[in-house]
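Chains, contacts and geometry: an overview
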Amino acid sequence: MEDDPAKYFSVSLERHWVDREGVRLHVRAAGPADGPLVVLLHGFPEFWYGWRHQIAPLVEAGYRVLAPDQRGYNRSDAPRAVAAYDLDLLVDDVCALIDAAGRDRATVVGHDWGAMVGWHLAHAHPERLRRLAVLNVPHPRVFWDTLRSSPRQLLRSTYALFFQLPAVPEWLLGRNDGQGLATMLRWSGCPDTFTDTDLAVYRTSWRRPGRLRGMLNWYRAAARRALRTAPPSGRVEVPTLVLWGAQDVALDACMAAPSAALCVDGRLELLDEATHWVQHDAPDTVTRILLEHLGAGR
C-alpha cells in the first residue's frame, strides 16, 4: 500500500469523494464541520498536497478546509477528452464541491491553474463566492492583453505551445519517473522550495495512469477555448486578494497590479523574493496574508 501524504500533516485529514456527471473528484477535508468554508485549488503539476503549509493553520483558525485533486490530477478521475477540461466544467466542479459540503458559498483560494478557475468562478458564479484569493495568475483579461503587447511575456509563455503537441510532452516530462517535471519545479523555485520528500510525493501522483495527459489537457483545452471565446472583461465583484511572488519565471509581475485593479474590492500583495511557488517559498507570510483576507469576511 502506498504512503498517504496526510501523514506529514499535524491535523487529521478526512477523505471524501464527490461525483459529478461521470467524473469522480478526490477531496481531502479538515476542520470543524460548521466553520467558514475555504476551498484550496492547486495548479500544475501539483495536487491537494501543494497546500501542505496552509491547511493546518487554516484549520487551527477555525475554518472548514477542502483541498481537492482537480480533475486530471492524482486520485481524481482523468477523462481522456481535451474538451473535458474546459474552464466551464472546471468551475462547475468547484460548485459541486461547495454543494457537497452543504453550503451555498465558500472562499476560494487558487494557485496557478487553480487561480484561473477562481477568476472564472468569480465571473460565472459570483453568488457562490464569499471571497477570492488568487496566487500568481493574472486576471484573464490582463493576461490576454499582456500577451498581445509584451514580447517578453509571449516568450515566457512559449512552453504552453509545446504542451499543445500530442503525446510528446507526456513522454518528455514523465520519463525517468517524472524527472522532467521534478527538474522544472526545482529550476523555477527557490533552492529549498521542494524537498526530496515533496518530489517523492509528487512522483507518486504523476505515475497514476493517464494523469500526465489529464494535467496537460488543461493547457490544450485553454488553447481551444481562446480560439473561440474572448476572456471575461468585467470587473470582479467579490472581495479579491491578488498575492504574487515577483520572481515568477513564467508570469510577469507587471500583471499583478492591473489584475487587482479589475476587482471592485481588490488587494495586492507582492512578495519580492518569492517565485511562482509563492505559498511554498514564503509559507508563513502567505498564510498570514490569507488569514487576514479571510478574517475580513467573517
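Here's what I pulled together on the structure shown here. (Residues numbered from 1 in each chain as written. Predicted model: local features only at pLDDT ≥ 70, side-chain atom pairs only at ≥ 80, totals over all residues. Heavy atoms only, no water.)

Here's the deal with the overall build of the protein chain
Within the protein chain one finds 12 helices and eight strands. Radius of gyration (C-alpha) of the protein chain: 18 Å, near the 19 Å computed for a compact globule of 298 residues. With the C-alpha coordinates of the protein chain rotated into their principal frame, the extents come out at 50 × 45 × 40 Å. Buried residues in the protein chain amount to 56% of all 298 residues. Restricting to contacts in the protein chain with at least 6 residues of sequence separation, those with at least 24 account for 75%. Entry remark: accessible area of the protein chain is about 12,500 Å², with carbon and sulfur atoms responsible for 54%. (Helix = DSSP H or I, 4+ residues; strand = E, 2+ residues; numbered from the N terminus. Rg over C-alpha atoms; globule rule 2.2 N^0.38 Å. Buried < 20%, exposed > 50% of the residue type's maximum accessible area, 1.4 Å probe, protein only. Contact = heavy atoms within 4.5 Å. Areas by Shrake-Rupley, 256 points an atom, 1.4 Å probe, with all protein chains shown as cover.)

Some points on unusual backbone geometry
The linkage connecting Phe44 with the following residue, Pro45, adopts the cis geometry, with an omega of -5°. Secondary-structure assignment places Pro45 in the loop between β3 (37–41) and α1 (55–60). In the Ramachandran plot, Asn74 falls in the positive-phi region, its phi being about 50° despite a non-glycine side chain. With respect to the helices and strands, Asn74 occurs in the loop between β4 (64–69) and α2 (87–100). Positive phi is not limited to glycine here, since Asn136 has a value of about 60°. Note that Asn136 resides in the loop between β6 (129–135) and α4 (140–149).

Let's talk about the sheet that holds β6
Strand pairs in the sheet, formed through backbone hydrogen bonds, run parallel or antiparallel to each other. A sheet is described by the order of its strands in space; here eight strands give the open sequence β1-β2-β4-β3-β5-β6-β7-β8, paired in mixed fashion. Every interior strand has two partners, whereas the edge strands, β1 (14–20) and β8 (266–271), have only one. On average, each strand axis in the sheet is tilted by 20° relative to the strand beside it, whichever way the strands run. In this structure, β6 lies alongside strand β7 (residues 240–245), joined through four bridges in parallel fashion. The residue bridging Val134 from the neighbouring strand is Val242, located in β7. Sitting on the sheet, helix α3 (residues 113–124) touches β3, β5 (106–111), β6 and β7, and the angle it makes with β6 is about 145°. Sheet strands touched by helix α12 (residues 283–295): β3, β5, β6, β7 and β8. Its angle to β8, the strand with the most contacts, is close to 170°. (Pairing = 2+ DSSP bridges. Axes fitted to C-alpha atoms, helices over the stretch in contact; angles between N-to-C directions.)

Considerations on the pairing of β3
In terms of burial, β3 is largely enclosed, as five of its five residues are buried. Residue alternation in β3 divides its side chains into two sets, Leu37, Val39 and Leu41 and Val38 and Leu40, and both sets are buried. Examined bridge by bridge, β3 and β4 share three bridges and lie parallel to one another. Across the sheet, Val39 pairs through a bridge with Leu66, a residue of β4. For the segment spanning β3, α1 and β4, crossover handedness is right-handed. Direction of pairing for β3 relative to β5: parallel, over a ladder of four bridges. Paired with Val38 across the two strands is Thr107, which belongs to β5. (Right-handed = clockwise from strand over helix to strand, strands pointing away.)

Observations regarding the pattern of salt bridges
A full pass over the atoms with the stated rule returns 23 salt bridges. Here Arg64 and Glu14 are joined by a salt bridge, their closest N and O atoms 2.9 Å apart. Of this pair, Arg64 sits in strand β4 while Glu14 sits in strand β1; the two residues are 50 residues apart in sequence, bridging distant segments of the chain. For Glu14, a relative accessible area of 31% corresponds to the partly exposed category. Across the pair Arg128 and Asp99 runs a salt bridge, and its minimum N-O distance is 2.6 Å. Here the residue Arg128 occupies a position in the loop between α3 and β6, and Asp99 occupies one in helix α2, the gap between them amounting to 29 residues. Classification of Arg128 as buried rests on a relative accessible area of 12%. With relative accessibility at 46%, the residue Asp99 sits in the partly exposed group. (Salt bridge = Lys/Arg side-chain N within 4 Å of Asp/Glu carboxyl O.)

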